[in-house]
Amino acid sequence: MSQSAAMLNTTQPGLSKWLKDLEDDIGLPLFERQARGLRPTPYGESLIEHARRIEAQLDTARDDMQAMRDGGSGIVVVGTSGASAADTVPLAVLGLMQRQPRAQVRLVETTMDRLMSQLAHSELDIVVGRSAPELQDTQVRSESLYMEPIHFVTRPRHPLMLRDHVEWHDLQAYRWVVWPRGTPIRNALEAALASAGYPLPTDSIESNSTVLNLTLLNNSDMIGLASHRTARRLEELGALRIVPLRLAGFGSVSMYWRDDGLKRSAVVTMLECLRRAADRSVPDDGAGAHVTSPHQDIA
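Cut-off values and rules
- Residues numbered from 1 in each chain as written.
- Predicted model: local features only at pLDDT ≥ 70, side-chain atom pairs only at ≥ 80, totals over all residues.
- Heavy atoms only, no water.
- Helix = DSSP H or I, 4+ residues; strand = E, 2+ residues; numbered from the N terminus.
- Polar contact = N/O pair within 3.5 Å; in protein donor to acceptor, adjacent residues only side chain to side chain.
- Pairing = 2+ DSSP bridges.
- Axes fitted to C-alpha atoms, helices over the stretch in contact; angles between N-to-C directions.
- Contact = heavy atoms within 4.5 Å.
- pLDDT = per-residue confidence, 0-100.
- Core = buried A, V, L, I, M, F, W, Y, C linked by side-chain atoms within 4.5 Å.
- Buried < 20%, exposed > 50% of the residue type's maximum accessible area, 1.4 Å probe, protein only.
- Expected span 1.5 Å × (residues − 1).
- Arc of directions from axis to C-beta.
- Patch = residues over 30% accessible without salt bridge, like charges linked within 9 Å, V, L, I, M, F, W, Y side chains within 5 Å.
- Areas by Shrake-Rupley, 256 points an atom, 1.4 Å probe, with all protein chains shown as cover.
- Salt bridge = Lys/Arg side-chain N within 4 Å of Asp/Glu carboxyl O.

Details of the side chain of Asp 170
Phase 1 of the analysis: With respect to the helices and strands, the residue Asp 170 is situated in helix H7 (residues 168-171).
Phase 2 of the analysis: A distance of 3.3 Å separates a polar atom in the side chain of Asp 170 from a polar atom in the side chain of His 169.

Brief notes about the sheet that holds strand S3 (residues 75-80)
Phase 1 of the analysis: Here we have five strands laid out as an open sheet, ordered S4-S3-S5-S12-S6, and mixed in their pairing. The open sheet has two free edges, formed respectively by strand S4 (104-109) and strand S6 (140-148), since each of these has just one partner strand. Taking each pair of neighbouring strands and ignoring which way they run, the sheet shows an average axis angle of 20 degrees.
Phase 2 of the analysis: As paired elements, strand S5 (residues 126-130) and strand S12 (residues 251-258) share five bridges and run antiparallel to each other. Within S12, the position partnered with Arg 130 by the bridge is Val 253.
Phase 3 of the analysis: In this fold helix H6 (residues 112-120) packs onto S3, S4, S5, S6 and S12, with an angle of close to 160 degrees to the strand it touches most, S5.

A short note on the confidence of the model for the chain
Phase 1 of the analysis: Model confidence for the chain is summarised by a mean pLDDT of 84, while 89% of its residues fall at 70 or above.
Phase 2 of the analysis: Across residues 286-292, where pLDDT falls below 50, the model places 24 contacts with residues more than four positions away in sequence or in other chains.

Quick word on the nonpolar core
Phase 1 of the analysis: Counting 23 residues, the largest nonpolar core has Val 76, Val 78, Ile 126, Val 128, Met 255, Met 270 and Leu 274 as the members making the most contacts within it.
Phase 2 of the analysis: The element best represented in this core is helix H11 (residues 265-279), accounting for eight residues.
Phase 3 of the analysis: Setting aside chain neighbours within four positions, we find Val 78 in contact with Val 89, Arg 106, Leu 107, Val 108, Ile 126, Val 128 and Met 270.
Phase 4 of the analysis: Within the second largest apolar cluster, 20 residues are counted, among which are Phe 152, Ala 192, Leu 245 and Leu 247.

Examining helix H5 (residues 88-99)
Phase 1 of the analysis: The terminal C-alpha atoms of H5, which comprises 12 residues, lie 17 Å apart, in line with the 16 Å expected from a rise of 1.5 Å per residue.
Phase 2 of the analysis: Within the sequence span of H5, burial applies to Thr 88, Val 89, Ala 92, Val 93, Gly 95 and Leu 96. The buried side chains of H5 occupy one side of the element, clustering within an arc of 160 degrees when seen end-on. Summarising the geometry of H5, the exposed residues directed more than 90 degrees from the buried face are Leu 94 and Gln 98.

Examining the environment of Asp 221
Phase 1 of the analysis: For Asp 221, the position within the fold is in the loop between helix H9 (210-218) and strand S10 (224-227).
Phase 2 of the analysis: Spatially, the C-alpha atoms of Asp 221 and Thr 154 are 7.2 Å apart, while their sequence positions differ by 67 residues.
Phase 3 of the analysis: A polar contact of 2.6 Å, which involves the side chain of Asp 221, links it to the side chain of Arg 155.

Examining the sheet that holds strand S11 (residues 241-242)
Sheet strands pair by backbone hydrogen bonding; their relative direction is either parallel or antiparallel.
Phase 1 of the analysis: Taken together, the three strands give an open sheet; going across it, the order is S10-S7-S11, and neighbouring strands pair in antiparallel fashion. Two strands in the sheet have a free side with no partner beyond their single neighbour: S10 and S11.

Description of a nonpolar patch on the surface
Phase 1 of the analysis: Together, Ile 26, Leu 28, Tyr 43 and Leu 47 make up an exposed nonpolar region whose accessible area comes to about 320 Å².
Phase 2 of the analysis: For Leu 47, the position within the fold is in helix H3 (residues 42-69).
Phase 3 of the analysis: For Leu 47, a relative accessible area of 35% corresponds to the partly exposed category.

Structure (structure tokens):
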């Protein structure tokens, strides 16, 4: 209480009285008094969540007005997971810059569970990543952009790249770098392993960082996992190679947004640019993989 009072430039008794008046106005207990301070009740937690949303929306309004004051067309904050960070999202940003050169863009990369929470709290305008309906808030809209397979990937000079043919048991000789449990790409991997009848290696390393994974793979004989578009992009750059082993099944990539974002020009244009980037054709790899839009049949 003393620290909070100091931050608010008031006294501890004054802050205590303000909190009591707030609880009286609402008619619900917001905090439990404990020896070391206050702890929010379920009612208090709910009010805090609303306050966070309001604060995030005010921050967005401030930044949006500043961008327009500087002659731009507003600001858009986009969250992306590893499935779209290397290809779809950056291409869409380039498209936005062509259509609205003065727009301001902020990009955030992390796992889908964190991104969807930030979107629900108005900290992000758009999220692009693996489709995750179980994480979707009731106030959030979604649209499927495309479907694609996932691939095992390695450094360019990996011993597996010398083989004409790769089987599942060949991969078991190496340590894997996998995405954390519960992430959509991890779920797709576990489903593919179950279909092939193989377990996940016990000495695997879990990481949700694309850059960290890329460094690990390029400096070892580890085997990683990447979505088709990401794998193709990194292969074109000479950073990774796709292992010629087909994984069963496909994963879909979607974009998510809130209705209130559609009132802002930069957000609407970014959604259009994401659709255009998603419709771009991506070359097949040696395993015969392909990418389909939501309007195409999966072969």
